[in-house]
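What the coordinates show
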Amino acid sequence: MTENSLFSNEFLRKMKSAKSVAVLTGAGISAESGVPTFRGEEGLWKKFKPEELATVDAFLSNPKLVWEWYRHRRQILKEVKPNAGHLALRDLEEKFEKFTLITQNIDGLHQRAGSRRVVELHGNIRRNRCQNCGRIYQDVSLEEREKPPTCTCHGLLRPDVVWFGESLPPEAIDQAFYAAAHCDVFLSVGTSAVVYPAAYLPLIALQYLAYVVEFNIEPTAISHQVSEFIQGKTGQVLPQLVKMMGPGTS
Ligand code: BJW
Ligand code: ZN
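The paragraphs below set out a description of the structure included in this document. (Residues numbered from 1 in each chain as written. Chains lettered and ligands numbered in written order. Predicted model: local features only at pLDDT ≥ 70, side-chain atom pairs only at ≥ 80, totals over all residues. Heavy atoms only, no water.)

Quick notes on the sheet that holds strand S3 (residues 118-120)
Short version of the rule: One requirement defines pairing of two strands: DSSP has to find at least two bridges between them. Numbering of helices and strands runs from the N terminus; a helix is a DSSP stretch of H or I covering at least four residues, while a strand is a stretch of E covering at least two. Angular values range over 0 to 180 degrees, each being the angle between N-to-C directions of two axes fitted as lines to C-alpha atoms, with helices fitted over their stretch in contact. Any pair of residues with heavy atoms lying within 4.5 Å of one another is described as a contacting pair.
Taken in spatial order, the 6 strands line up as S3-S2-S1-S7-S8-S9 in an open sheet, and their pairing is parallel. On the outer flanks of this sheet lie S3 and strand S9 (228-231), each paired with one strand and no other. Pairs of neighbouring strands in the sheet enclose a mean axial angle of 20°, with direction left out of account. One ladder, built from 5 bridges, connects strand S7 (residues 185-189) with strand S8 (residues 211-216); its direction is parallel. Note on S8: the bridge partner recorded for Leu187 is Val213. Of the strands in this sheet, strand S1 (20-25), strand S2 (98-103) and S7 are in contact with helix H6 (residues 84-93), which crosses S2 at around 150°.

Here it is in structure tokens:
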């Protein structure tokens, strides 16, 4: 352990010599901005399981309820800003030749923090898409509607996000799998690692012999498999990692 004691010498050595780093983030990184997570005690949605609302079936059987859920979340996002964890990942990006930030989050907070290369696995809440013809609508004023607007084809508009049973954007998943298989260090940050295929990424990185470090406030489904588990709030721990890395690139 170092004087800092949070990070092992091995982890810091790997980080300082890494050419390629991949990071997977989940709802936990945005929790300190005030965005509710999906699961666990802190999850505001514990009265709704995501598996019950984030599906096409739920949307088609009760479009107004699902639209309302997203309207509420869009409202929250108007009032929040990136936290120290997002900013630390932005700073980390500058330190490596190759850095891929893969996020399951749909909140756009990494981009707002200034991260340049962000791979969005589950879409983005700011856009809407026709459930029938797939046409994309960028007009954010549609968010204000109390029920889902309709497309010119008469299909219902829904947020352009990935629900259970739906495929992830092919380009995003390709980039994510490539980054996991080709990185020297992989960081799994603020995710419960129970939703696939995202949850495969740290396991793939391990298979390809990357050093895999998990950051979470509590152990998760993959904690026993990773190279190192670092317990703490990402808004506190990630800035310390950036500081320990020192100035410059590796
Ligand atoms: C902190 C903190 C702080 C708090 N600091 N930490 C293989 C095996 C088994 C099942 C499947 C499989 N492959 C596919 C499946 C089915 C399914 C699946 O995974 N089901 C599981 C639940 C079992 N997957 C799918 O359906 C996916 N599609 C797919 O595979 O397509 C191919 C296919 C098609 C048809 C048939 C079969 C295959 C799609 C998954 C889409 C997930 N979508 C959602 C909603 C997105 C839109 C929205 O936001 O509304 O994505 S669900 C929800 O979960 C959201 C999240 O991105 C995702 C992950 O959650 P996340 O980010 O990990 O959040 P939490 O709340 O779970 O965890 C937060 C963590 O932070 C916790 O650990 C806290 O401790 C921690 N934390 N504060 C650090 N301050
Ligand atoms: Zn349409």
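Observations regarding the coordination of the zinc ion (ligand 2)
This is how the line gets drawn: Excluding water, the donors of a metal are its N, O and S neighbours within 2.8 Å, or within 3.2 Å for Na, K and Ca, and that exclusion means sites may look incomplete. Note on geometry labels: four donors, all angles 85 to 135 degrees, give tetrahedral; four donors become square planar and six octahedral when opposite donors are over 155 degrees apart and every other angle is between 65 and 115; remaining cases are irregular. For the exposure calls, accessible area comes from a 1.4 Å probe over protein chains only, and a residue counts as buried if that area is under 20% of its type's maximum, exposed if over 50%, partly exposed in between.
Donor atoms from the polypeptide that coordinate the zinc ion (ligand 2) comprise Cys130 (SG), Cys133 (SG), Cys151 (SG) and Cys153 (SG), at 2.2 to 2.4 Å from the metal. Bound by 4 donor atoms, the zinc ion (ligand 2) shows angles of 100 to 118° at the metal and therefore tetrahedral coordination geometry. Read in sequence order, the donor residues coordinating the zinc ion (ligand 2) give the pattern C-x2-C-x17-C-x1-C. Of the two residues, Cys130 is situated in strand S4 (residues 123-130) and Cys153 in the loop between strand S5 (136-137) and strand S6 (157-161); the sequence distance between them amounts to 23 residues. Judged by its relative accessible area of 1%, Cys130 falls in the buried class. Residue classification places Cys153 among the partly exposed residues on the basis of a relative accessible area of 28%.

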